[in-house]
Amino acid sequence: MSHRDLTDEAAYDRQRLAGLSRRALLRLTAGLGAAAALSATAGGLAVAGERQATIVKPLPPELFIPHGTNAEMRWEAMRGQGHLVPNDRFFVRNHTGTPRIDAHTWRLRLFGTGLHGTPTRDRPVEFSYEDLLGMPAETTTAFVECAGNGRSFYGSQQGTPAPGTPWTLGGVGVARWRGVRLATVLERAGLTEAAVDVLPSGLDPEFVEGGANLGRVRRPLPVAKALRDTLLAYEMNGEPLPPDHGFPVRLIVPSWTGISSIKWVGEIEVADRPLFSPWNTQFYRLFGPSYPQEGSAPLTNQVTKSAFELPSEARLAVGRTHLLTGRSWSGAGVGRVRGVRISVDGGASWRPAHPRRLSRDQAWLPWSFAWRPERSGAYTLLAAASDSTGATQPREVPFNRFGYLFGAVVRHPVMVG
Ligand SMILES: Nc1nc2c(c(=O)[nH]1)N[C@H]1C(S)=C(S)[C@@H](COP(=O)(O)O)O[C@H]1N2
Ligand SMILES: [Mo]
């Protein structure tokens, strides 16, 4: 099987597993209990309100909900904004902390058995920041979304809380990314036909969890996805990448879970065999009663979600018409939202939202819905999107131990009075 056939993650996973016994995989995915217990502790820190100085940009409370080393966007801050999430309010997900990197001394280093001449880590193929700026540039509008976005609803809606950052729906953002296609860089580095996996790793501090040092944040990607639409981005919404979002260069892997979009890329291993890291073995697979013991295949596409641009428990005047607004997005199928339906009575009845189609490459679908509540009291608003395959967000999703990919319809409480 050549790397050109490995875009499909199921085929990719079969291929990578061919070289690995089930027992070896179980060993790779072991230690989950300890990891989960520690994530729960980290959540506790966030509750105590101790924000470590790990994010460089200001996090004003009207724009962000802090969660330890991470910060989620407040959805109400997107009301009236354009298609893109401005850099000052884009969510941040840091395993440790934002490193400060000097673009002049920074180098992108590529090595491994998937490159001609098999350059080693000590004698890699190198590109400077200037080198990348001098290569053909490409721009793409894409969302970055954490696999755990919506995790808190496993607890609040389904009664099965999952440990880890208790995101509501603000662990997502859309930006216009400019950079070099990873394909261009791989080809210039001497990509061979035999290459199957690339493993980009970040320059942020090593990630220590449960007393174990898991090393640099790094996550393998099939060469086919790397060649198809992955970008090495150096600009975000027309500005150099901000420090928190990966300066000088990050990966943008469209439609896939946020962990694939490695920030502060320092090196990329290119191999003629499958590569592994804790981020595609222990984490970012689905574990739980509905999944095999060694977990699902590594996560790839994000699921379909919808959010209202309203605070939770928003107060709305009775007997007035309110223009409810929100957005829906999808990494499933070909990644397009086909339509959105709204319920203001907890799901008893549904009416279509008014979609705002802007362009073919829009990364999410903004919508609006006029609502005139005639009686005061508590209401539950629901928004359910359908993707291009016709699948609609379900009422419930099966539990997984890390609380990834919460794609069920979210119940949004409001008060009318
Ligand atoms: N080097 C590095 N890259 C990383 C991470 C990280 O902690 N270190 N976090 C990942 C995760 S889990 C997500 S969801 C996205 C978040 O990107 P953002 O902080 O720009 O929103 O970055 C990914 N890339
Ligand atoms: Mo993430």
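Residues numbered from 1 in each chain as written. Chains lettered and ligands numbered in written order. Predicted model: local features only at pLDDT ≥ 70, side-chain atom pairs only at ≥ 80, totals over all residues. Heavy atoms only, no water.

In the nomenclature of an unreviewed UniProt entry, the protein corresponds to DMSO/TMAO reductase YedYZ molybdopterin-dependent catalytic subunit from the organism Crossiella cryophila.

Before going further, it helps to spend a moment on the site of ligand 1. Around ligand 1, the structure places 20 residues, and the nearest of them are Phe91, Asp204, His245, Arg250 and Lys263. Here a nitrogen atom of ligand 1 and a backbone polar atom of Ser261 are 3.1 Å apart. The separation between an oxygen atom of ligand 1 and a polar side-chain atom of Lys263 is 2.6 Å. Its free accessible area being 540 Å², ligand 1 has 100% of it covered by the protein chains. In a pocket analysis with a 2 Å cut-off to the grid points, ligand 1 is assigned to the largest cavity. Taken together, the residues of the shell around ligand 1 sort by class into ten nonpolar, six polar and four charged. (Near = heavy atom within 4 Å. Polar contact = N/O pair within 3.5 Å; in protein donor to acceptor, adjacent residues only side chain to side chain. Areas by Shrake-Rupley, 256 points an atom, 1.4 Å probe, with all protein chains shown as cover. 1 Å grid on protein atoms, 1.4 Å probe; cavity = no way out; pocket = protein on both sides within 12 Å on 5 of 7 lines; lining within 4 Å. Sits in = over half its atoms within 2 Å of the grid points. Nonpolar A, V, L, I, M, F, W, Y, C, P; charged D, E, K, R; others polar.)

In this section: the side chain of Gln362. With respect to the secondary-structure elements, Gln362 resides in the loop between strand 20 (354-355) and strand 21 (365-371). Classification of Gln362 as buried rests on a relative accessible area of 11%. In this structure the side chain of Gln362 is engaged in a polar contact, spanning 2.5 Å, whose partner is the backbone nitrogen of Leu358. Separated by 3.1 Å, the side chain of Gln362 and the backbone nitrogen of Ser359 make a polar contact. Beyond its immediate chain neighbours, meaning those up to four positions away, Gln362 contacts His83, Arg336, Arg356 and Arg357. (Helix = DSSP H or I, 4+ residues; strand = E, 2+ residues; numbered from the N terminus. Buried < 20%, exposed > 50% of the residue type's maximum accessible area, 1.4 Å probe, protein only. Contact = heavy atoms within 4.5 Å.)

What follows is about the sheet that holds strand 10 (residues 221-222). The sheet built from five strands is open, its strands ordered 4-3-14-7-10 with mixed pairing. The outermost strands of the open sheet, each flanked by one partner alone, are strand 4 (125-128) and strand 10. Of the strand pairs in this sheet, strand 3 (residues 107-111) and strand 14 (residues 265-271) are connected by three bridges, and their pairing is parallel. Residue Phe111 lies in a different strand from strand 14, and its bridge partner there is Glu269. (Pairing = 2+ DSSP bridges.)

This paragraph deals with the sheet that holds strand 21. Hydrogen bonds along the backbone pair up the strands of a sheet, which may run parallel or antiparallel. If you trace the four strands from one edge of the open sheet to the other, you get 15-17-21-20, paired in antiparallel fashion. The open sheet has two free edges, formed respectively by strand 15 (305-308) and strand 20, since each of these has just one partner strand. Sheet topology places strand 17 (residues 322-329) next to strand 21; seven bridges connect them, and they run antiparallel. Its bridge partner being in strand 21, Thr325 is matched across the sheet by Ser368.

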